[in-house]
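# Chain and residue survey
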Amino acid sequence: MILNKCNGCGSILQDTEPDKPGFIPKLTTTSEYCQRCFRMKHYNELPKIVASNSDYEKVIDDVMDKNGLVIFIVDLFSFKSTFNKKMIEKLRKKDVILVANKYDLLPKSTNPASVVDWLSKECEKFSFKVIAIHLISAKKGYFIDDLIMNIENFRRGRDVYFVGCANVGKSSLINSIIRRMTPKTEDVISTSIIPGTTLNEIRLLFFDDGKYLIDTPGLINEGDILNRLLPKSYEKILPKNEIKPITYQIKTGNTVLLAGLASLSFECEEDISVIVYVSKDLYIQRSKTANLEHLVKTQTGKLLNPPVEEELSKIFYAHKKVSLDGLKKKSIWFAGFGFVSVIGKCEIDIRYIDKSEVYVTNAII
Ligand SMILES: Nc1nc2c(ncn2[C@@H]2O[C@H](COP(=O)(O)OP(=O)(O)OP(=O)(O)O)[C@@H](O)[C@H]2O)c(=O)[nH]1
Ligand SMILES: [Mg+2]
């Protein structure tokens, strides 16, 4: 019996069940990639089979039993939901380097030192001790050399495990490290915009002492907006390049609409500043709160998309009141599609897609 694993997703290759992980029409001893990963790589197809949380929990619990260095990756653009409490609890007793990925999405003017400082305060809030904090962009290769150096410093003859929520860029980071440190120029592991791309542990022999870089499937974060939408909406929601913040001077009775995904209606005694950090492909509009109901009724799924029409039957909206005292600049996070920073004292009525997460933190930038 042939027991090859797919290099792209970690599944055991098989040629009997087309709808199951690891399927390849004709399995031989030299087969390297399953049909799903081959199509992702060569035809840019999106994966239809994705990992579930039960698969993930099993793999991650195995990792916790091993004596390795852990690289815990979070997504800066979706920080609050990927700095996941469940993950933090599992990682408390491990040697952990915290890596905040997708730094390329933050505006170029962002000061990296202040973001690292903000991240270390977030760790303190949870009494979560890490050996080091790195900002990187796996996609653009920013600051990868510094990370590789610290992995070498802290590895002490052990394997290195890459863990974190789905879609944070674990596999992209390993591809980036391999491109930097070996003659390979192509991605080894499959990556995609769909959460749950990596299906099983993937071990890559990498270090001279016979130790491995180990990729793992990601925990699917239920609060992420992507879970409420169809893949056709992901392209608009996930920014491809640096975010260009949009600043509004807001008076009481103004609303900012973030496509059909959320709206923020403000009440304030004095004018305040509101800065929107989302993909440039998302339709953002300021309007009078008095017009909100009409806009939502007539334009959701049309001008206000995503969500697109075919997603609407499964989507419900919820409201959350947020009261800001104006003493510190705050960021309101919408899990999976960005954040809005607010300077000034105000009350905000936030309308958002039910079961997606909305959080308030001190401003990240
Ligand atoms: N802008 C930006 N996008 C990135 C970066 N790193 C990864 N991505 C994108 O994020 C998406 C997810 O990347 P993956 O590497 O598949 O993420 P993962 O953590 O391995 O995901 P799972 O296997 O589903 O757990 C892909 O669309 C990547 O192109 C980055 O540094 N910047
Ligand atoms: Mg992956």
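Refer to the structure above for everything that follows.
Described below are features of the structure shown in this document. Source: prediction; values computed, not measured. (Residues numbered from 1 in each chain as written. Chains lettered and ligands numbered in written order. Predicted model: local features only at pLDDT ≥ 70, side-chain atom pairs only at ≥ 80, totals over all residues.)

## Remarks on the overall build of the chain
What the chain contains, in helices and strands, is 9 helices and 16 strands. Since a compact globule built from 365 residues should have a radius of gyration of about 21 Å, the 22 Å found for the chain is in line with a globular shape. Look at the contacts in the chain between residues 6 or more apart in sequence, and 71% of them connect residues 24 or more apart. (Helix = DSSP H or I, 4+ residues; strand = E, 2+ residues; numbered from the N terminus. Rg over C-alpha atoms; globule rule 2.2 N^0.38 Å. Contact = placed C-beta atoms within 7 Å.)

## Quick look at the site of ligand 1
The environment of ligand 1 is made up of 23 residues, and the closest members are Gly169, Ser172, Thr191, Thr198 and Gly218. The element that contributes the greatest number of residues to the shell around ligand 1 is helix H7 (residues 170-181), accounting for 3 residues. Looking at the shell around ligand 1, its residues break down into 7 nonpolar, 12 polar and 4 charged. (Near = placed C-beta within 6 Å. Nonpolar A, V, L, I, M, F, W, Y, C, P; charged D, E, K, R; others polar.)

## Section: the sheet that holds strand E3 (residues 132-135)
Strand order in the open sheet formed by 6 strands is E3-E2-E1-E4-E6-E5, and the pairing between neighbours is mixed. The two strands at the open ends of the sheet, each matched to only one other strand, are E3 and strand E5 (202-205). Between one strand axis and the next, the sheet turns by 20° as a mean value, whatever way the strands run. Here 4 bridges tie strand E2 (residues 95-101) to E3, and the two strands are oriented parallel to one another. Each residue of the ladder has a partner; that of Val99, found in E3, is His134. (Pairing = 2+ DSSP bridges. Axes fitted to C-alpha atoms, helices over the stretch in contact; angles between N-to-C directions.)

## As for the nonpolar core
By size, the foremost hydrophobic cluster in this structure holds 91 residues, and its most contacted members are Ile71, Phe72, Val99, Ile225, Leu258 and Phe334. Residue contacts for Ile225: discarding those within four places in its chain leaves Ile237, Leu261, Phe334, Ala335, Gly336, Phe337, Ile353 and Ser356. (Core = buried A, V, L, I, M, F, W, Y, C linked by C-beta atoms within 7 Å. Buried ≥ 20, exposed ≤ 12 C-beta atoms within 10 Å, placed from the backbone.)

## Remarks on the environment of Pro21
Take Pro21: it is sitting in the segment before helix H1 (35-43). Taking the number of C-beta atoms within 10 Å as the measure of exposure, Pro21 has 21 and is therefore buried.

## Concerning the sheet that holds strand E16 (residues 358-362)
Sheet architecture is open: 5 strands sit in the order E7-E10-E14-E13-E16, paired in antiparallel fashion. Looking at strand neighbours, the two that pair on one side only are strand E7 (246-250) and E16, the edges of this open sheet. Taking each pair of neighbouring strands and ignoring which way they run, the sheet shows an average axis angle of 20°. As judged from the 5 bridges shared by strand E13 (residues 330-334) and E16, these two strands associate in the antiparallel manner. Across the sheet, residue Ile332 finds its bridge partner in E16, namely Val360.

## Some remarks on unusual backbone geometry
Residue Pro306 is bonded to the preceding Asn305 through a cis peptide linkage, with omega at 0°. You can see Pro306 is positioned in the loop between helix H9 (292-299) and strand E12 (317-325).

## Description of helix H5 (residues 112-125)
Between its terminal C-alpha atoms H5 stretches 20 Å, which fits the 20 Å expected from 14 residues at 1.5 Å a residue. Ser127, located one to two residues past H5, shows a positive phi value of around 50°. (Expected span 1.5 Å × (residues − 1).)

## Regarding the pairing of strand E1 (residues 69-75)
Of all the 7 residues making up E1, 7 are buried; the element is thus mostly covered by neighbouring parts of the structure. Burial along E1 is two-sided: Leu69, Ile71, Ile73 and Asp75 and Val70, Phe72 and Val74, pointing in opposite directions, are all buried. Across 7 bridges, the pairing between E1 and E2 is parallel. Among the inter-strand pairings, Leu69 is bridged to a residue of E2, identified as Asp95. With 4 bridges connecting them, E1 and strand E4 (residues 160-163) associate as parallel partners. Bridge assignment links Leu69 to a residue of E4, and that residue is Val160.

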